[in-house]
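Descriptive structure summary
Chain by chain, the residues run as shown.
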Amino acid sequence: VMDSLNLKLFLELSQFQRFLDISRFEARIPNLLAGHIEAKGQIFNDDRFLEFNRFRVHTKHSRFELNGEIDGVNIYAGHLWSQLDKATYKMAIDSTRIYMNEFADIYSKLPLLTSPVEINASAEGDISHLKLDNLNLGFNNSSLDMYGELHNLRDPDDFSYDLNLDKLHVTASDLNQ
């Protein structure tokens, strides 16, 4: 149950385009581990593109930013999941930190880590072939940098990847968490 909400936005809906500019979204939800959620950014959609421009989400401890476009999605056309399966993506995720334990009550399969995970990634392509331009992960003193390709993301039996590891640094203390 939400006990407070502060919202300031601009919404334009027409036959040709949808534009949502969230200047401020703040919600306090005591029964969620994240507790306090803030968001701001822009979402645009026309008959072809769904775009996220500096879409930022902040919780008590976590920070996340998404930029990008999905080519082939018109939210007015219906069958959104089918459109997303056939669409082409060009996305960038930037994060100063994500505390996985803040989201455990939303998605229970997340690892319960006590320290934040840093994520920076950019990718483009579609669900059958996604080119990972870069993926940088950090956890305490450990880090991983890679790039490559992911194939058949929606089919676990046919999923494959070709990844190049640029950097891997793992400390013993991080492995024990």
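Scroll up a little and you will see the structure.
All of the points below concern the structure found in this document.

Conventions used here
- Residues numbered from 1 in each chain as written.
- Predicted model: local features only at pLDDT ≥ 70, side-chain atom pairs only at ≥ 80, totals over all residues.
- Heavy atoms only, no water.
- Helix = DSSP H or I, 4+ residues; strand = E, 2+ residues; numbered from the N terminus.
- Buried < 20%, exposed > 50% of the residue type's maximum accessible area, 1.4 Å probe, protein only.
- Contact = heavy atoms within 4.5 Å.
- Areas by Shrake-Rupley, 256 points an atom, 1.4 Å probe, with all protein chains shown as cover.
- Lys, Arg positive; Asp, Glu negative; His and termini not counted.
- Charge placed at Lys NZ, Arg CZ, Asp CG, Glu CD.
- Phe/Tyr/Trp six-rings, centres within 6.5 Å; stacked < 30°, edge-to-face > 60°.
- Lys NZ or Arg CZ within 6 Å of the ring centre and 35° of its normal.
- Salt bridge = Lys/Arg side-chain N within 4 Å of Asp/Glu carboxyl O.
- Pairing = 2+ DSSP bridges.
- Axes fitted to C-alpha atoms, helices over the stretch in contact; angles between N-to-C directions.

1. Regarding the overall build of the protein
A tally of helices and strands in the protein yields two helices and ten strands. The order of helices and strands in the protein, counted from the N terminus, is β-β-β-β-β-α-β-β-β-β-β-α. Considering only C-alpha atoms, the protein reaches an extent of 55 × 40 × 25 Å along its principal axes. Relative to its 177 residues, the protein shows a buried fraction of 34%. Long-range contacts, defined as pairs at least 24 residues apart, comprise 37% of the intrachain contacts of the protein with a sequence gap of at least 6. Of the roughly 11,200 Å² of accessible surface on the protein, a fraction of 55% belongs to carbon and sulfur atoms. Computed over 17 positive and 27 negative side-chain charges, the inter-centroid distance for the protein is 8 Å.

2. Thoughts on unusual backbone geometry
Despite not being glycine, H79 shows a phi value in the positive range, around 50°. By the secondary structure assignment, H79 is in the loop between β5 (63-71) and α1 (80-86). In this structure H79 comes out as exposed when scored by relative accessible area, which is 68%. At N140, a residue that is not glycine, the phi angle is positive and equals roughly 50°. One can find N140 in the loop between β8 (129-139) and β9 (142-151).

3. Some thoughts on the packing of aromatic side chains
What the rule picks out here adds up to three aromatic pairs. Measuring from centroid to centroid gives 6.0 Å for F159 and Y161, while their planes differ by 40°, and the two rings are tilted. The cationic tip of R18 hangs over the ring face of Y76; the distance from NZ or CZ to the ring centre is 4.1 Å.

4. A few points about the environment of V170
Structurally, the position occupied by V170 is in the loop between β10 (160-169) and α2 (172-175). Here V170 falls in the partly exposed class, since its relative accessible area comes to 42%. Sequence separation between V170 and F139 is 31 residues; the distance between their C-alpha atoms is 8.9 Å. In this structure, V170 is in contact with S142 and L175, ignoring residues within four places of it in sequence.

5. Concerning the pattern of salt bridges
In total, this model carries five salt bridges according to the counting rule given. Two residues, D71 and R48, come together in a salt bridge whose shortest N-O distance is 2.8 Å. A residue pair is termed long-range when its members are at least 10 positions apart, and D71 in strand β5 and R48 in the loop between β3 (36-45) and β4 (49-58) qualify at 23 residues. The exposure class of R48 is partly exposed, given its relative accessible area of 43%. With a shortest N-O distance of 3.5 Å, K131 and D133 are connected by a salt bridge.

6. Let's talk about the sheet that holds β8
The antiparallel open sheet is built from ten strands, whose spatial order is β1-β2-β3-β4-β5-β6-β7-β8-β9-β10. The sheet terminates laterally at β1 (4-13) and β10, the two strands that pair on one side only. Direction aside, the axes of adjacent strands within the sheet are offset by 5° on average. With nine bridges connecting them, β8 and β9 associate as antiparallel partners. Bridging from a neighbouring strand, L130 pairs with L150 of β9.

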